[in-house]
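Chains, contacts and geometry: an overview
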Amino acid sequence: MYEVSTMKSYQRALKTLASGNAYELTFYQSSVSKPKARVYMQAALHGAEIQGIAVIRHLQERLAQSDLPFDFKLLPLANPAAFDTKMGEYGYGRFDPRTGMNWNRGFVNLLSASDFFEAFECERFINTHAHLGYDQAIHVFEHALKERLDILVNASAGQPPETQLALILHQEALDADYIFDLHCDSISKPYLYTPQYLLNKRLLNFTAQHFITTPCRFSPCFNQAVFYPFWHFTEQWNRHTGETNVSPKKAFTYELGSKESYCSETAKTTLDGILNYVTNAHNPVSQAWWCTEDDYHRLRAPRGGIFELSCELGKVHLEKEDIGVLHTFPGQEASLPIAYEDTFIPLTVTASPVAHQGDELVKIMTRYQEVS
Ligand SMILES: [Zn+2]
């Protein structure tokens, strides 16, 4: 049992079920009188990726003991239906089992047209709001996005479950300054996806040592759907004014390690790193690596077999060093070593060694650089 008594909670209804039961989301909120910023954190959007629940529990305990000068909105269980869905021993959590839809691919581009409104005309908006200055104008811009999102949420009750869930999560996170979507990968080192504009030494506050930077383009995953409109707006604004503003949204997908694993001790140090990033009070000296999303490669099985990893996750490896081997059965082609032609850092390996042709085996960072 953990203490959350200082936090207010509220529920948002999700779909009702044939049995008459219903799913809902429970948000926890704490606020201070003059917050330095708003922090939004959600966990387990993919049901089997549960380490984020441990991180949020520690944060709730920490907030019960002492205030931090920030407003927090926490959602420990972002997708209760996926959390409940198991196939045998394991959670099936990444996909809706009925449709195969990835739960993290249903988020909308708020700048695009919908059944209810036209595409957002950024240029025109900037022309009519340029006199306000960037800080004010982006606030008005956020309000305009909120209106569009509210319309979509109000019309979402009859939409597919992943669409309804995505719209509600997006709505809850929209006005936050720091947004953390806590996930896990297959068998994985901890690493973060960060928008390119947040690439700087401050990232060294996190305990993770690997970062994948995302470009200014829309993707229907939570993190990118949240930060993309603000980044696009900021680039347009800078082009229009010659200024060099940086989007105020500090939004991350944090892959906390391996799915199907829950460790309270690790969660404590992970949380320390997250709070160090938010408070930005330290001058971290650790070493970390980054590469672009385009240089973060999935290596897939060139043929069927049983994959055995022979490299160490998180470590720098030289070109042509073995990543692993794809074992085959007698009478088939010889077992196949898996390698890469350049230096690389492997971050993840498939949780199931049984690999059909085309299945993902590992994800590796290539053309990586040191965070500085
Ligand atoms: Zn995930």
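Residues numbered from 1 in each chain as written. Predicted model: local features only at pLDDT ≥ 70, side-chain atom pairs only at ≥ 80, totals over all residues. Heavy atoms only, no water.

What about the packing of helix 3 (residues 122–129) against helix 4 (residues 134–154)?
Following both chains from N to C, one finds helix 3 and helix 4 inclined at 135 degrees, their axes separated by 10 Å at the closest point. By the angle between their directions, the pair helix 3 and helix 4 is classed as oblique. Of the two elements, helix 3 crosses helix 4, and the hand of that crossing is right-handed. Of the residues in helix 4, those in contact with Cys122, Phe125 and His129 of helix 3 are Ala137, Val140 and Phe141. Of the residues that constitute the contact of helix 3 with helix 4, the class distribution is five nonpolar, one polar and no charged. (Axes fitted to C-alpha atoms, helices over the stretch in contact; angles between N-to-C directions. Helix = DSSP H or I, 4+ residues; strand = E, 2+ residues; numbered from the N terminus. Parallel < 35°, antiparallel > 145°, perpendicular 65-115°, else oblique. Left-handed = near helix turned anticlockwise from the far one by under 90°. Contact = heavy atoms within 4.5 Å. Nonpolar A, V, L, I, M, F, W, Y, C, P; charged D, E, K, R; others polar.)

Considerations on the coordination of the zinc ion
Every protein donor of the zinc ion is listed here as His46 (ND1), Glu49 (OE), Glu49 (OE) and His183 (ND1), and their distances to the metal cover 2.0 to 2.8 Å. Between consecutive donor residues of the zinc ion, the sequence gaps follow H-x2-E-x133-H. Placement of His46 in the loop between strand 3 (38–43) and helix 1 (51–65) and of His183 in strand 7 (residues 178–185) is noted, with a sequence separation of 137 residues between them. (Donors = N, O, S within 2.8 Å, 3.2 Å for Na, K, Ca; no water.)

Observations regarding the pattern of salt bridges
Evaluation of the coordinates by the stated rule reveals 17 salt bridges. Notably, a salt bridge pairs Glu333 with Arg303, separated by 3.4 Å at the nearest N-O pair. Of this pair, Glu333 sits in the loop between strand 15 (324–327) and strand 16 (336–338) while Arg303 sits in the loop between strand 13 (296–300) and strand 14 (305–309), and the two are 30 residues apart along the sequence. Looking at Glu333, the relative accessible area reads 56%, which means it is exposed. Among the charged side chains, a salt-bridge network with shared partners connects Asp185, Arg298, Glu360 and Lys363. (Salt bridge = Lys/Arg side-chain N within 4 Å of Asp/Glu carboxyl O. Buried < 20%, exposed > 50% of the residue type's maximum accessible area, 1.4 Å probe, protein only.)

Side note on the domain arrangement of the protein chain
Taken domain by domain, the protein chain consists of domain 1 (8–287) and domain 2 (295–366). Between domain 1 and domain 2, the C-alpha centre-to-centre distance is 31 Å. Listed as interface residues are 11 residues of domain 1 and, on the opposing side, 11 residues of domain 2. Here domain 1 meets domain 2 over a buried area of about 930 Å², counting both sides, of which 69% is carbon and sulfur. Put simply, domain 1 and domain 2 have one salt bridge between them. Close ionic contact of Asp185 with Lys363 constitutes a salt bridge, the shortest N to O distance being 3.0 Å. One can count five residue pairs in polar contact (both at pLDDT 80 or more) joining domain 1 with domain 2. Looking at the side of domain 1 that touches domain 2, the elements that each hand over two or more residues are strand 8 (187–188), strand 9 (191–195) and strand 10 (210–214). Looking at the side of domain 1 that touches domain 2, the element that brings in the most residues is strand 10, giving three residues. A breakdown of the residues in the side of domain 1 that touches domain 2 according to their chemical character gives five nonpolar, three polar and three charged. (Domains from an automatic or database assignment. Buried area = accessible area lost by both parts, 1.4 Å probe. Polar contact = N/O pair within 3.5 Å; in protein donor to acceptor, adjacent residues only side chain to side chain.)

Considering the nonpolar core
Core analysis: the biggest nonpolar cluster contains 88 residues, and Phe141, Leu169, Phe180, Phe206 and Phe233 have the highest contact counts within it. One finds Cys311, Ile338, Tyr340 and Phe344 within the second-largest nonpolar core, a separate group that totals 15 residues. (Core = buried A, V, L, I, M, F, W, Y, C linked by side-chain atoms within 4.5 Å.)

Description of the packing of aromatic side chains
Under the counting rule described, the total for this entry stands at 30 aromatic pairs. Considering the side-chain rings of Phe125 and Phe233, the 5.9 Å spacing of their centres and the 70 degrees angle between planes classify their relative orientation as edge-to-face. Pair noted here: Phe125 is in helix 3 and Phe233 is in helix 6 (residues 222–241), with a separation of 108 residues, a long-range link. Both residues of the pair, Phe125 and Phe233, count as buried. On the numbers, 6.3 Å between centres and 75 degrees between planes, the contact of Phe180 with Phe206 is edge-to-face. With a gap of 26 residues between them, Phe180 in strand 7 and Phe206 in the loop between strand 9 and strand 10 connect regions that are remote in the sequence. A relative accessible area of 0% places Phe180 in the buried class. When its relative accessible area of 2% is taken as the criterion, Phe206 is described as buried. An aromatic cluster is defined as three or more aromatic residues linked by ring pairs; in this entry it consists of Phe120, Phe125, Tyr134, Phe141, Phe230, Phe233 and Trp237. Seen from the ring of Tyr277, Arg202 lies directly overhead, with NZ or CZ sitting 4.5 Å from the centre. Looking at Lys249, its charged tip hangs above the ring of Phe230, at a distance of 4.6 Å from the centre. (Phe/Tyr/Trp six-rings, centres within 6.5 Å; stacked < 30°, edge-to-face > 60°. Lys NZ or Arg CZ within 6 Å of the ring centre and 35° of its normal.)

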